[in-house]
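Single-letter residue listing:
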Amino acid sequence: MSGELPMYPSEKPEHPYVLDSYAGRILNTYSSRFCAGCGYGIIGQIYTRVFEDLKLDPNLHPLVIGIGCYSQILLLVHADAQKVLALHGRAPAVATGMKMANPNMKPIVFSGDGDCLGIGGNHFIHLCRRNLDCVIFIFNNSIYGMTGGQGAPTTLFGAKSSTTPYTMFENRSDGIKLALAAGATHVARTTVAHPRTFMKYFKKALKHKGTSVIEIVTPCVTYFGRKNVDSLGAEYLGLEGKKMDTGGKMVDWIKRNSVRINQAKFMTEEELFNKYIIGEFRYESDKPEYSEEYARIQKIAMGDK
Amino acid sequence: MNNQNGKRFLKPGRHLMMGNEAMAEGAISAGLRFFGGYPITPSTEVIEHLAKRLPQVGGVCMQMEDELASINSVMGASLVGAKAMTATSGPGLSLMVETISMAANLEIPFVFCDVQRCGPGTGSVTDPHHNDLGLVRFSGNGEFEVIALAPMNCQELFDLTITAFNYAETYRCPVFILSDAYLGHLHEVVDIPPKEEILNKVIKREVPPSEEISPRVFSYLDKVKNEYVIPKPPIMGTEYVPGMFLHTPHGPEGILSPDPFRFVQTMVDKIKTNKDKICLTENYKLDDAEIVIIAYGLPVRVSYRAIEIAREEGIKVGAFRLITVWPFPDEQVKEVVKNAKAVIVPELNYTGIIAEQVERVTPLGTPIIKVPQVAVFHHPDDILKAIREVAQ
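A.B. asks: So what about the sheet that holds strand β15 (residues 324-326) of chain B? Which residues, and what values?
C.D. replies: Residues and elements named next belong to chain B. Strand order in the open sheet formed by seven strands is β3-β2-β4-β5-β7-β6-β15, with mixed pairing between adjacent strands. Sheet topology places β3 (60-63) and β15 at the edges, where each strand pairs with a single neighbour. Looking at each pair of strands side by side, their axes are set apart by 25° on average, direction ignored. Pairing geometry for strand β2 (residues 34-37) and strand β4 (residues 84-88), over two bridges, is parallel. Of the residues in β4, the one forming a bridge with F34 is A84. Contacts from helix α2 (residues 44-53) reach β2, β3 and β4 within the one sheet, and its direction differs from that of β3 by about 135°.

Here you go:
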C-alpha cells in the first residue's frame, strides 16, 4: 500500500520558515524522522525560526548535539548550520573547547535529560559553574526514548517505563535546581506547549553573555504516554487517569502539569510534587564570563595588562 | 590566536629542563593553542608548565573537571582549528578512550601525552612501566590505527612532540607520546634550535585556498592513483567543513555511509600504507651484529651501555631502536632479525607487548629472549646476562 507513495515529501514545501534543511539537501526528504506526537519537531522549527528571524551567522553559532532522539534535529535545522554530534553526555565539554579556542563563537548545545542530567551531569555542573558563554537546551521528555523507553533521572515518581515496570520509585533530578546551584546566570524552563515563551527565552539567551540553561518539557508519546496515565502529577487529588496515547493528550497533560513560577510560590510541597515549575528562574547579566576572564588572564601573562 | 609576541620560542641554545617541561615546550613550539587537562601524577608538570606558558602566547590552558571533559574539550578546540593536546597517565587514559575512538572516527587531530606509571589500577604513581602500549594501540571501540612515539631522553621529548603534531596534522589520527614516570621527571640539557628551524618543520593548521576546497573533507581512496588521500583537517567556523560531523561510518563528505567496510578500511589503511613515512627507527652498531636487541623508550639507553660492554668482550651485538612504536615497522624489523643468531627484547613491562610483535616477524627457530622489568630501570647487567647466555 505505502510502496506506491514516497515515504517522505521530497519537494521543499512552500512555507516561510522551511529552510533548505540538511536532510532536504542531502537525502531529499523534507520531513522529520520523529514519532507521531513527538515535541522535537516543534523545537526544530522554533530553532529554525529564531535562526532566521535574528539572521544568525551559522559560522559563529555551532550546534553541539548530544546523543538521544533529539540528535535527529540536526537533519531538520538548515543546511548551513555547523553541526557536530558529540558523544553521549559530553556535549558541554566539547562546547567548552570550542568557545575557548575561538572566543567569537557562541555554541548552542542540544542535550537531553539522560544526556545532561544522567551521564553528563558533571560536565553540565562545571559548564554552569564557569559561566561559559553558550546556550544549553535540556530537552526533558522524562524517558530514554532512543533506546526504547527506559527510566531516566527525570522520570516522574510513579511513572512506568521499560526498566521501571513496577513504577518509578527514585527521586527525580531537577535540571533547573542543579543549574541554579551550579551558578548558571540565565536559567529558565518552558514546555513545547508554550512555544512563544520558548522563542522569547531563546532570543534572550542568544543576547546573554554567560551560560543560559533552558529546559524544555517535551512529550514522548511512544514510550511515556502510552504507558502512563494523565493523573500523574495530580496524585494528591486521587483521580483515576486515562492513557496518554496521542500527542494532543500529552500536550494537554504537560499544560496541566506545569505551574508558573509566580503561582508556585503559593502552593504547598505536596501540590507541587511531580509538577513542572515553568518560567524564568534567574537572569544575571553582570556576572563575569569565563572566556572574557581568561582573556584578562592572557593579558596579564603577556605582560601588557 | 596566532600571537607572535616572541614568547612562543625559547632562546636558542642549551636549557636544563625536566622531561615533562621539555614536552610542553615542544608542544608550544609546534603551535599548541589549547590544552585541556586534569592533574595526574606523573604528568602533572605538563599542565603546571602550560598553565604558566600558554596564556603568554595567546593560548588557553584549562584544568577541566575530569579526564573525560579534558579530552572532549581538546576535541572541541581541535574542531575549531586550534592545535590541541592533553596529557595524562594510565588511569586517565582508561577514561579517555571513549573519545579517542570518536576522534579517530571523525579524523580530528590531537596529540596525547601518556606519561606512563606502574599499573594496573591506581598502581604505583611514580614508577615507570611501559604497560599502556596495549591500550594505546587498541584505544577505544572499533577498528582504527593510531601512531605512538617513544622518546628516550628530554631532547627527544622536545623534538618528537613537534613531530607528533606534524603527524597529527598529516595523518589525522590520535598521536601518542609514550613517556614514563622516570623520563617525565628526568632533568636533562635540551638543545633548543633557532626559531626559523622550528617554523620550517611545523605544519600549520589552516584552511586550504578556496580553489582547492572540495566537499571531500575526510580521507578516501583515490582509485586512479590507488593511494589514500588525507585532506587537511576541516575547521568549524569557516567554509571548510562537512555538512555535519557524524560519528558513524561516513564517506569522505561526512554523509552516513552504506559501506562500513570501506570506511573501516580507510581508517586503518591510511596509516598502514604510509608506514614507511611514519616509522622512525635507529640502528646502533647493527652492521656486523649477530645478536640483535630491539627496544624502545628508556630501556634503549641501558641497552646501548650493555652493548658497549659486550663489544669489549668481543660479542657482536647491536641494537635496533623503535622510535615509532606503533604502527609496528614489520618490514624493517624483519630485515634486521633475518640473519640474527638471537633477538633480545628488553622491555619495561612483564608481558612483552612489543616482543609479541617481534615474534610475529622473526623466522622460526631464532630464539627471542625477553628481559622484563617493572617499576625500575633495567640494570645493564640484566641485559648483559641475556647477551652472554645466547653468545655461548
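From this point, things continue past the structure.
A.B. asks: Let's hear about helix α9 (residues 260-272) of chain B: which residues, and what values?
C.D. replies: All names here are of chain B. In this model α9 runs 18 Å from its N-terminal to its C-terminal C-alpha over 13 residues, within 8% of the 18 Å that 1.5 Å per residue would give. Approximately 25° is the largest bend angle found in α9, and it occurs at T266. Those residues of α9 lying buried are F263, T266, M267, V268, K270 and I271. Its buried side turned inward, α9 meets α4 (90-106), β6 (147-149), α6 (154-171), β9 (220-222), β10 (227-229) and α10 (275-278).

A.B. asks: Break down the packing of helix α2 (residues 40-53) of chain A against helix α8 (residues 195-207) of chain A for me, citing the residues and quoting the values.
C.D. replies: Residue and element names in this part refer to chain A. Where α2 contacts α8, the axes come no closer than 10 Å and their chain directions differ by 50°. With respect to α8, the element α2 is oriented oblique. Judged by the sense of rotation from one axis to the other, the crossing of α2 with α8 is right-handed. Side by side, α2 and α8 meet where I43, I46, Y47, R49, V50 and D53 of the first sit next to P195, F198, M199, F202, K203 and L206 of the second.

A.B. asks: Can you lay out the packing of helix α1 (residues 19-29) of chain B against α2(B) for me, pointing to particular residues and giving the numbers?
C.D. replies: All names here are of chain B. Close contact between α1 and α2 brings their axes to 8 Å; oriented N to C, the two are set at 45°. Taken together, α1 and α2 sit at an angle that is classed as oblique. The two elements α1 and α2 meet at a crossing, and its hand is right-handed. Along its contact with α1, which presents N20, E21, M23, A24, E25 and I28, the element α2 presents E45, V46, H49, L50 and R53.

Here is what the cut-offs are and how they apply
- Residues numbered from 1 in each chain as written.
- Chains lettered and ligands numbered in written order.
- Predicted model: local features only at pLDDT ≥ 70, side-chain atom pairs only at ≥ 80, totals over all residues.
- Heavy atoms only, no water.
- Pairing = 2+ DSSP bridges.
- Helix = DSSP H or I, 4+ residues; strand = E, 2+ residues; numbered from the N terminus.
- Axes fitted to C-alpha atoms, helices over the stretch in contact; angles between N-to-C directions.
- Contact = heavy atoms within 4.5 Å.
- Expected span 1.5 Å × (residues − 1).
- Bend = angle between axes of the 7 residues up to and from the residue.
- Buried < 20%, exposed > 50% of the residue type's maximum accessible area, 1.4 Å probe, protein only.
- Parallel < 35°, antiparallel > 145°, perpendicular 65-115°, else oblique.
- Left-handed = near helix turned anticlockwise from the far one by under 90°.

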